[in-house]
Amino acid sequence: MTTHGGEAGRVVLLRHGETEWAAAGKHTGNTDVPLTDNGEQQAVEAGSLLQLLGLRDPVVITSPRERARRTAELAGLRVDRTWDALSEWDYGEYEGITTPQIRETVPHWTVWTHPCPGGESINDIAVRVELVLSVVLPLLSGRDVVLVGHGHFSRALIAGWTEAPITEGKRFALSPAAYSLLGFEHSFRQLVAHNVHPSILTAATAPKGEQG
């Protein structure tokens, strides 16, 4: 892609706010679990964080899951498109259960290193990442793009953006309602900021003291 110097747009990956399943560590793929009250508040606060970025005529695309669409709405984003390609990893038989439960029968299991029986493979995710990036890159001539989605797939997108193997998504934890910022330097794609979440809004004044 030609970045046109400083005119190249940025990509914001915004994870949806908290759900009951996410708070419990349950793998949440295609199940439509709503935001908790806390998750809705997180989404509002995420919108305040995004305002600080000074987004340029952003194209906003969301996963079709309710938790992503609601997060975009509460964050004050005008959604241009809802796209299945931004859906969370299909966990197959592991939908709705936690990593410790899976490891009772498959020791050391992680989504990055082991199969999800009946669900998507790492190669399936790599194909989806390539598709998403092929659509996003041409949009970045002077505009920003906001992708509102999920934890594991957003982490895979970070790996793909940085031209690392998709399995390297394991190195990029992403909290509910947090965002990562992808951009360019000297035409190289880079991770500009990562896991920026609403708690930083109150961190300066406060007393010190899984996915889907």
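Residues numbered from 1 in each chain as written. Predicted model: local features only at pLDDT ≥ 70, side-chain atom pairs only at ≥ 80, totals over all residues. Heavy atoms only, no water.

### Thoughts on the overall build of the protein chain
Right, on to step 1. Within the protein chain one finds seven helices and six strands.
Right, on to step 2. In the protein chain, the succession of α and β elements from N to C terminus is β-α-α-β-α-β-α-α-β-α-β-β-α.
Right, on to step 3. The C-alpha atoms of the protein chain give 17 Å as radius of gyration, which agrees with the globular expectation for 212 residues (17 Å, within 12%).
Right, on to step 4. In terms of overall dimensions, the protein chain has a C-alpha envelope of 50 × 40 × 30 Å along the principal axes.
Right, on to step 5. In the protein chain, buried positions account for 47% of the 212 residues.
Right, on to step 6. Within the structure as shown, the protein chain displays about 9900 Å² of accessible surface, and the carbon and sulfur contribution to it stands at 51%.
Right, on to step 7. Averaging the positions of the 18 positive and the 25 negative side-chain charges in the protein chain gives two centres separated by 4 Å. (Helix = DSSP H or I, 4+ residues; strand = E, 2+ residues; numbered from the N terminus. Rg over C-alpha atoms; globule rule 2.2 N^0.38 Å. Buried < 20%, exposed > 50% of the residue type's maximum accessible area, 1.4 Å probe, protein only. Areas by Shrake-Rupley, 256 points an atom, 1.4 Å probe, with all protein chains shown as cover. Lys, Arg positive; Asp, Glu negative; His and termini not counted. Charge placed at Lys NZ, Arg CZ, Asp CG, Glu CD.)

### Quick word on the pattern of salt bridges
Close approach of charged atoms lets side chains of opposite charge pair.
Right, on to step 1. Throughout the structure, instances matching the rule amount to nine salt bridges.
Right, on to step 2. Between R70 and E73 there is a salt bridge whose closest N-O contact spans 3.1 Å. Of this pair, R70 and E73 both sit in helix α3 (residues 66-74), three residues apart, which is roughly one turn of the helix.
Right, on to step 3. Note that D80 is salt-bridged to R78, the shortest N-O span being 2.9 Å.
Right, on to step 4. Among the charged side chains, a salt-bridge network with shared partners connects R10, R56 and D144. (Salt bridge = Lys/Arg side-chain N within 4 Å of Asp/Glu carboxyl O.)

### Some remarks on empty space enclosed by the protein
Right, on to step 1. Approximately 30 Å³ is the volume found for the largest cavity.
Right, on to step 2. If you go around the largest cavity, the residues you meet are L13, L86, L147, V148, G149, H150, F153, S154 and L157.
Right, on to step 3. Breaking the lining of the largest cavity down by element, the ones donating at least two residues are β4 (145-149) and α6 (151-161).
Right, on to step 4. Its residues placed into classes, the lining of the largest cavity shows six nonpolar, three polar and no charged. (1 Å grid on protein atoms, 1.4 Å probe; cavity = no way out; pocket = protein on both sides within 12 Å on 5 of 7 lines; lining within 4 Å. Points joined across faces, edges and corners; volume = space filled by probe spheres on them. Nonpolar A, V, L, I, M, F, W, Y, C, P; charged D, E, K, R; others polar.)

### A word on the sheet that holds strand β6 (residues 188-196)
Two pairing modes exist for strands in a sheet, parallel and antiparallel, and in both the strands are linked by backbone hydrogen bonds.
Right, on to step 1. The six strands lie next to each other as β3-β2-β4-β1-β5-β6, forming an open sheet whose pairing is mixed. Both outer strands of the open sheet, β3 (81-82) and β6, are each paired with one neighbouring strand and no more.
Right, on to step 2. Two elements, strand β5 (residues 179-185) and β6, share six bridges in a ladder whose sense is antiparallel. Residue pairing for β6: Y179 is matched across the bridge by V196.
Right, on to step 3. Against the sheet, helix α5 (residues 122-136) touches β1 (11-15), β3, β4 and β6, its axis set at about 150° to β4. (Pairing = 2+ DSSP bridges. Contact = heavy atoms within 4.5 Å. Axes fitted to C-alpha atoms, helices over the stretch in contact; angles between N-to-C directions.)

### Thoughts on the confidence of the model for the protein chain
If pLDDT is low for a region, its predicted coordinates should not be looked at in detail.
Right, on to step 1. A residue-level look at the protein chain finds 91% of positions with pLDDT of 70 or above and a mean pLDDT of 92.
Right, on to step 2. Note that residues 1-6 has pLDDT below 50 and, in this model, nine contacts with residues that lie over four places away or in other chains.
Right, on to step 3. Within the model, the stretch residues 203-209 combines pLDDT values under 50 with one contact to residues more than four positions away or in other chains. (pLDDT = per-residue confidence, 0-100.)

### What to know about the environment of L157
Right, on to step 1. Topologically, L157 is positioned in helix α6.
Right, on to step 2. Assessed through its relative accessible area of 3%, L157 is described here as buried.
Right, on to step 3. It is 5.7 Å that separates the C-alpha atoms of L157 and V129, two residues lying 28 residues apart in sequence.
Right, on to step 4. When neighbours within four sequence positions are excluded, L157 is seen to be in contact with L13, L86, V129, V132, L133 and L147.

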